[in-house]
Amino acid sequence: VRAITREDVVNFFGQRVKPSGALLVVAGDVDAARVRQLATEAFGSWTGAPAAAQAATAIPARSATELILVHKPGAVQSNILAGFTFITPRDPAVYPLTIANKIVGGGTDSRLFLILREQHGWTYGSYSRFSRPYGMGAFQANAEVRTVVTDSAVAEMVRQLNRIRTEVPADSEIAAAKNFLAGSFPLTIQTAQQVAGAVANARLLGLPDDYVIRYRERLAAVTTPQLAAAARRFFTTDKMVVLVVGDGPAILTQLKALGYPVRIVDVEGRPLAEADLTARPTGVAWARDRLAPVSLTYRVMVQGNPMGEASRSLARATEGGRAVFRLMSSVNIGPFVQQVDTVTIDAQTLAPIRVRQAGRVQGQEAFVRLDYEGTRVRGQTRSPGPQGMREANVDTTLAEGTLDDNQMEALLAALPYAANGRWSVPVFAGGQGAMRTMSVSVAGEESVTVPAGTFDCWRLDVTGGEQPLTFYVMKDAPYVAVKYTMAGAPVAFELTGRN
């Protein structure tokens, strides 16, 4: 996507967005002759046949079911998707398969929902659906579940997909599905716009002229043997893909016990070995000479609009004859967050010495007061949690080389960057009172424009914290972040000035 140029977009528009083979659908209280007259006046000069359809990319044939684990470090739940290729648009099996899908996962009265949610309480909802675009269709079932029940949920989902293939549904289930589908179909063609959309879709996919008119009639005519035959043919559960996005070390062993071959990738799709999930963080060869006194200011953008400001500075000092760095930062985001931090670290080892964080989150006082000594950390915290503000006393032993998560942003300047570089750093997250492993990956190089100017940057993906972050760090001195964003949130910090 980043490689697409303006010229690419213009060329695509010129080749594709033109009247050749256009389809005009008019629906409403209209007169056909008058519509034809108006259409001829408006579009009579449009000529040309539709462009030849491009051949669809061949889908790799599968001989067995494969489980793909997408390792998302620290994920607190697992997202499960299971699916396989399905029918083409003009296959008459669409009618029995629509009923079969309704039984399996087509609503809150379906098997997946009733079993995974109502019976077991593993998820807020589990559903299935299928699409049939021009070329090749796809079937997909999904659920988001707690990490500890990931394997159980996968096994049950696969069991239910197999069940529709191998067991003929009860007459009552088929009748209920038919009644729901036939009864709800009129709601999809209530307005003139809906009618036009349904007719246009049918025409573009090459479906029969009476497809929309006779849809309910053909659904009602489906027999139990037709449904069973279609399910056996198209629910290829012996050749499907089961995709699980979650915390690899927490779920891999249980997933392997399900008996499927497991392929592991990171969130960018890059292959991982099993050892990559459990490897202990290794020491980073920090480029300490890049840590120089600097003062930075940022604007905070929320949904593209200025919402606040932030600052960060690094200064050298001496404490008890020891050279230290003081990292000072502040954030002010409207009425949501006001926070001031001071983190003191050893200038030689980069080990944390002291963290003082104070502010308000959603109007409530929050703080982190930690003191580090060797591999010991002590202090008090008050931070937001799922059930509101939580207070905790901290007194724990840490692994050798553990840093504080609040110093990581400043230390990004001292990483020895190179293409495809990846580092893992053990950190203590005082706000959560927990050890974590933060991973930093070089995802590419970009030219980034912010209020302070345009800079050549390394693009870094940082995971393992409270939420994934993307940083854009200058490739040249002073090697500071010119922009950073939060995954899943429309918030960006953009550099406005530096001293």
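As shown above, the structure is provided for reference.
Description of the structure in this document. (Residues numbered from 1 in each chain as written. Predicted model: local features only at pLDDT ≥ 70, side-chain atom pairs only at ≥ 80, totals over all residues. Heavy atoms only, no water.)

## Some points on the overall build of the protein chain
When its secondary structure is counted, the protein chain shows 12 helices and 21 strands. Across its three principal axes, the protein chain shows a C-alpha extent of roughly 90 × 60 × 45 Å. Each of the 499 residues in the protein chain was classed as buried or not, and the buried ones make up 39%. Here the analysis covers contacts within the protein chain between residues at least 6 apart in sequence; of these, 57% occur between residues at least 24 apart. (Helix = DSSP H or I, 4+ residues; strand = E, 2+ residues; numbered from the N terminus. Buried < 20%, exposed > 50% of the residue type's maximum accessible area, 1.4 Å probe, protein only. Contact = heavy atoms within 4.5 Å.)

## Thoughts on helix α3 (residues 94–105)
A rise of 1.5 Å per residue sets the reference length of α3, with its 12 residues, at 16 Å; its end C-alpha atoms lie 16 Å apart and thus fit the reference within 8%. Counted residue by residue, α3 has 12 buried out of 12 residues, so it is predominantly covered. Turning to α3, its buried residues number three or more, namely V94, Y95, P96, L97, T98, I99, A100, N101, K102, I103, V104 and G105. (Expected span 1.5 Å × (residues − 1).)

## As for helix α9 (residues 224–234)
Regarding α9, the residues found buried are L227, A228, A230, A231 and F234. In a view along the axis of α9, the buried residues occupy a sector of 165°, so they form one face of it. In α9, the exposed positions angled more than 90 degrees off the buried face are occupied by P225 and R233. Turning to α9, the residues buried within the fold contact β2 (77–86), α3, α5 (150–166) and α6 (171–184). (Arc of directions from axis to C-beta.)

## Some points on the environment of R356
Of note, R356 is situated in strand β11 (residues 352–361). C-alpha separation for the pair R356 and V343, spaced 13 residues apart in sequence, amounts to 6.4 Å. In this view, R356 contacts V340, D341, T342, V368, R369, L370 and D371; residues no more than four positions away in its chain are not counted. For R356, the side chain forms a polar contact with the main-chain oxygen of L370, separated by 3.0 Å. (Polar contact = N/O pair within 3.5 Å; in protein donor to acceptor, adjacent residues only side chain to side chain.)

## Looking at the packing of aromatic side chains
What the rule picks out here adds up to 19 aromatic pairs. Measuring from ring centre to ring centre gives 4.8 Å for F43 and W46, while their planes differ by 55°; the resulting arrangement is tilted. Overall, W46 belongs to the partly exposed group, its relative accessible area being 46%. The ring of Y479 carries the charged tip of R290 above its face, separated from the ring centre by 4.3 Å. (Phe/Tyr/Trp six-rings, centres within 6.5 Å; stacked < 30°, edge-to-face > 60°. Lys NZ or Arg CZ within 6 Å of the ring centre and 35° of its normal.)

## With respect to the sheet that holds β2
If you trace the 6 strands from one edge of the open sheet to the other, you get β3-β4-β2-β5-β1-β6, paired in mixed fashion. What marks the edges here is a single partner per strand, and that holds for β3 (123–131) and β6 (262–266). Recorded for the sheet is a direction-independent mean angle of 15° between the axes of neighbouring strands. In terms of strand pairing, β2 meets strand β5 (residues 241–246) through 5 bridges, oriented antiparallel. Pairing of L81 across the sheet is with L243, part of β5. Of the strands in this sheet, β3 and β4 (137–146) are in contact with helix α4 (residues 111–119), which crosses β3 at around 160°. (Pairing = 2+ DSSP bridges. Axes fitted to C-alpha atoms, helices over the stretch in contact; angles between N-to-C directions.)

## Points about the pattern of salt bridges
All chains considered together, the criterion is met by 27 salt bridges. A salt bridge links E167 to R163, with the nearest nitrogen and oxygen atoms 3.6 Å apart. Classification of R163 as partly exposed rests on a relative accessible area of 27%. (Salt bridge = Lys/Arg side-chain N within 4 Å of Asp/Glu carboxyl O.)

## Describing empty space enclosed by the protein
Taken as a whole, this structure holds 1 cavity of 30 Å³ or more when the rule is applied. Looking at the largest cavity, its volume works out to about 30 Å³. Every residue along the wall of the largest cavity is listed here: Q338, Q339, Q357, A358, G359, R360, V361 and A366. Taken together, the elements giving at least two residues each to the lining of the largest cavity come down to β10 (337–346) and β11. Here the lining of the largest cavity takes 5 residues from β11, the largest share from any one element. Residue classes in the lining of the largest cavity are distributed as 3 nonpolar, 4 polar and 1 charged. (1 Å grid on protein atoms, 1.4 Å probe; cavity = no way out; pocket = protein on both sides within 12 Å on 5 of 7 lines; lining within 4 Å. Points joined across faces, edges and corners; volume = space filled by probe spheres on them. Nonpolar A, V, L, I, M, F, W, Y, C, P; charged D, E, K, R; others polar.)

## Here's the deal with the pairing of β3
Looking along a regular strand, one sees side chains alternate from face to face of the sheet. The pairing of β3 with β4 spans 7 bridges and is classified as antiparallel. Opposite S126, over in β4, you have A143 as the bridge partner. Taking the residues between adjacent antiparallel strands as the criterion, β3 and β4 are bridged by 5 residues, where G135 takes a positive phi near 125°.

## So, a nonpolar patch on the surface
Residues L24, V26, V30, F43 and W46 make up a contiguous nonpolar surface patch of roughly 470 Å² in combined accessible area. Along the polypeptide, V26 turns up in the loop between α1 (6–16) and α2 (32–43). Of the residues examined, V26 reaches a relative accessible area of 43% and is grouped as partly exposed. (Patch = residues over 30% accessible without salt bridge, like charges linked within 9 Å, V, L, I, M, F, W, Y side chains within 5 Å. Areas by Shrake-Rupley, 256 points an atom, 1.4 Å probe, with all protein chains shown as cover.)

## Observations regarding the packing of α5 against helix α10 (residues 248–256)
How two helices sit against one another is set out by the angle between their axes and by the gap between those axes. At a minimum axis separation of 8 Å, α5 and α10 run at an interaxial angle of 40°. Relative to α10, the element α5 is oriented oblique. Here α5 and α10 pass one another in a crossing that is right-handed. On α10, the residues that touch T150, D151 and V154 of α5 are I251, Q254 and L255. (Parallel < 35°, antiparallel > 145°, perpendicular 65-115°, else oblique. Left-handed = near helix turned anticlockwise from the far one by under 90°.)

## Side note on unusual backbone geometry
Of note, the amide linkage connecting A477 to P478 takes the cis form, showing an omega dihedral of 10°. Structurally, P478 is set in the loop between β19 (469–474) and β20 (481–486). With a phi close to 65°, L350 is a non-glycine residue in the positive phi region. Of note, L350 is situated in the loop between β10 and β11. On the basis of relative accessibility, which here comes to 0%, the residue L350 falls in the buried class.

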